[in-house]
Each structure stands twice: as C-alpha cells, then as structure tokens.
Amino acid sequence: EEESWGDATRAPRGQIEAELSQTAVNIFVAETTDKFVAGAIYTQFINSVSDVDRTGGAADSSSIQDDCGQVLQLLRVNTRARSSADHAETIGVGSLLRDFAIAFASNSNVEVVCAVTRCTGFSAPVSLSTPSSVEDYTKYVMSRWARGPDSDAGLSFHLKHGARIIKPIPNW
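Residues numbered from 1 in each chain as written. Predicted model: local features only at pLDDT ≥ 70, side-chain atom pairs only at ≥ 80, totals over all residues. Heavy atoms only, no water.

## A few points about the nonpolar core
So, step 1. Grouped together as the largest cluster of nonpolar side chains are 14 residues, with contacts concentrated most on Ile41, Leu72, Leu74, Val93, Leu97 and Val110.
So, step 2. When residues of this core are traced back to their parent elements, those giving at least two are strand S1 (26–31), strand S2 (37–46), strand S3 (71–79) and helix H2 (93–106).
So, step 3. If sequence neighbours within four positions are ignored, Ile41 has contacts with Asn26, Ile27, Phe28, Leu74, Arg76, Val77, Leu97, Arg98 and Ala101.
So, step 4. One finds Cys119, Tyr137, Val141 and Leu155 within the second-largest nonpolar core, a separate group that totals 8 residues. (Core = buried A, V, L, I, M, F, W, Y, C linked by side-chain atoms within 4.5 Å. Buried < 20%, exposed > 50% of the residue type's maximum accessible area, 1.4 Å probe, protein only. Helix = DSSP H or I, 4+ residues; strand = E, 2+ residues; numbered from the N terminus. Contact = heavy atoms within 4.5 Å.)

Below, the structure written as structure tokens:
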C-alpha cells in the first residue's frame with residue numbers, strides 16, 4: 001500500500017489486514033519471472049452496485065460481500081511500480097491485474113464489474129462528518145470528469161477502459 005499510494009489516498013494498515021482476513025476476498029497477484037511480487041488486486045462479490053452506498057466507506061466494504069453476488073467489485077489495486085525501478089516488468093501491472101479481474105468476471109457468472117477508485121490528484125482527506133470536504137471532493141471529481149480521463153491518474157485507470165462515473169463516494 002505504501003509503495004502504491006500517496007499519504008492522502010493510502011488505506012490504513014488495519015483496513016488492509018481486515019480485508020486480508022476475509023476469506024471471501026479474491027486476491028490476484030502478479031509476479032515477475034524472478035518471483036518479485038509486482039502487484040495485487042483485491043476483489044469481492046456483491047449483490048448490486050447500489051450496495052456500495054450501504055457501507056460506511058472502504059473500511060466497511062466487507063459488510064456487502066456476498067459469495068453468490070453477481071457483481072464483482074474491484075476493491076484495491078496495489079503495485080510496486082513506484083518503488084521498483086530495477087523491475088521494468090512492473091510497468092503496467094495495475095492495468096494487467098484490472099484486465100485479468102474483468103476476464104475472471106466474464107467467466108464467473110458476473111453481470112457487471114464495479115469499482116470505487118481513489119483520485120490520485122486530490123490531496124485532502126475526505127470525511128463524511130465534514131460536509132465541506134465532501135463538497136470539495138465532489139467538485140474535484142466532477143471537474144476532472146468534465147476535463148477528460150487524463151486529468152487524474154486514478155480516474156483515468158478506469159475511465160480509459162470503459163468505466164463511467166456514477167457518483168463520488170467519500171470515505172473510500
């Protein structure tokens with residue numbers, strides 16, 4: 001997580017440990033030919049995209065998990081590309097993992113794939129308890145959406161591959 005995300009978008013260690021303890025979370029790992037872990041993508045099955053609204057944010061994402069769900073939710077992508085200059089094979093591993101998860105979904109009776117992405121260019125923490133921060137975050141997301149997918153790397157990661165923004169979700 002530390003090698004993948006900046007301070008403002010990094011998930012707390014406890015949240016990641018909780019996700020790892022969930023046996024229903026599907027984790028796909030990419031390795032280089034010399035067994036260097038280049039990245040991982042965490043996914044879970046849920047019943048409906050609208051279930052995401054029932055959570056208190058990323059820390060509570062497991063509350064909507066359902067083994068029989070027909071929606072594959074991409075929870076997190078971590079890559080070591082930022083810290084592994086000596087491993088050129090890690091470039092693009094996040095896209096490779098995302099594409100693999102989508103291919104997995106197409107072979108798993110999944111109706112739709114959804115994700116809540118983190119905006120890499122938004123530096124302030126967003127809390128539901130602070131309406132102004134939620135408003136600032138919403139303005140940021142919508143302005144980037146209007147400018148096109150290249151205006152934020154986090155949004156671009158999904159938008160350039162067919163995703164669409166439904167709405168901003170704070171605390172993710």
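## Regarding the environment of Ile91
So, step 1. Residue placement: Ile91 occurs in the loop between S3 and H2.
So, step 2. Linking Ile91 and Thr79, residues 12 residues apart in sequence, is a C-alpha distance of 8.9 Å.

## Focus on the layout of surface pockets
So, step 1. Estimated volume of the largest pocket: approximately 680 Å³.
So, step 2. Lining the largest pocket are 28 residues, and of these Cys114, Ala115, Ala163, Arg164 and Ile166 sit closest to its centre.
So, step 3. Listed by contribution, the elements that provide at least two residues to the lining of the largest pocket are H2, strand S4 (112–115), helix H3 (131–147) and helix H4 (153–159).
So, step 4. For the lining of the largest pocket, the leading source of residues is S4, giving 4 residues.
So, step 5. For the lining of the largest pocket, the per-class residue count stands at 19 nonpolar, 5 polar and 4 charged. (1 Å grid on protein atoms, 1.4 Å probe; cavity = no way out; pocket = protein on both sides within 12 Å on 5 of 7 lines; lining within 4 Å. Points joined across faces, edges and corners; volume = space filled by probe spheres on them. Nonpolar A, V, L, I, M, F, W, Y, C, P; charged D, E, K, R; others polar.)

## So, the sheet that holds S2
So, step 1. Ordered by their spatial adjacency, 4 strands build an open sheet running S1-S2-S3-S4, and the pairing between neighbours is mixed. Strands with a single pairing partner mark the edges of an open sheet, and in this sheet they are S1 and S4. Adjacent strand axes in the sheet meet at a mean angle of 25° when their direction is disregarded. (Pairing = 2+ DSSP bridges. Axes fitted to C-alpha atoms, helices over the stretch in contact; angles between N-to-C directions.)

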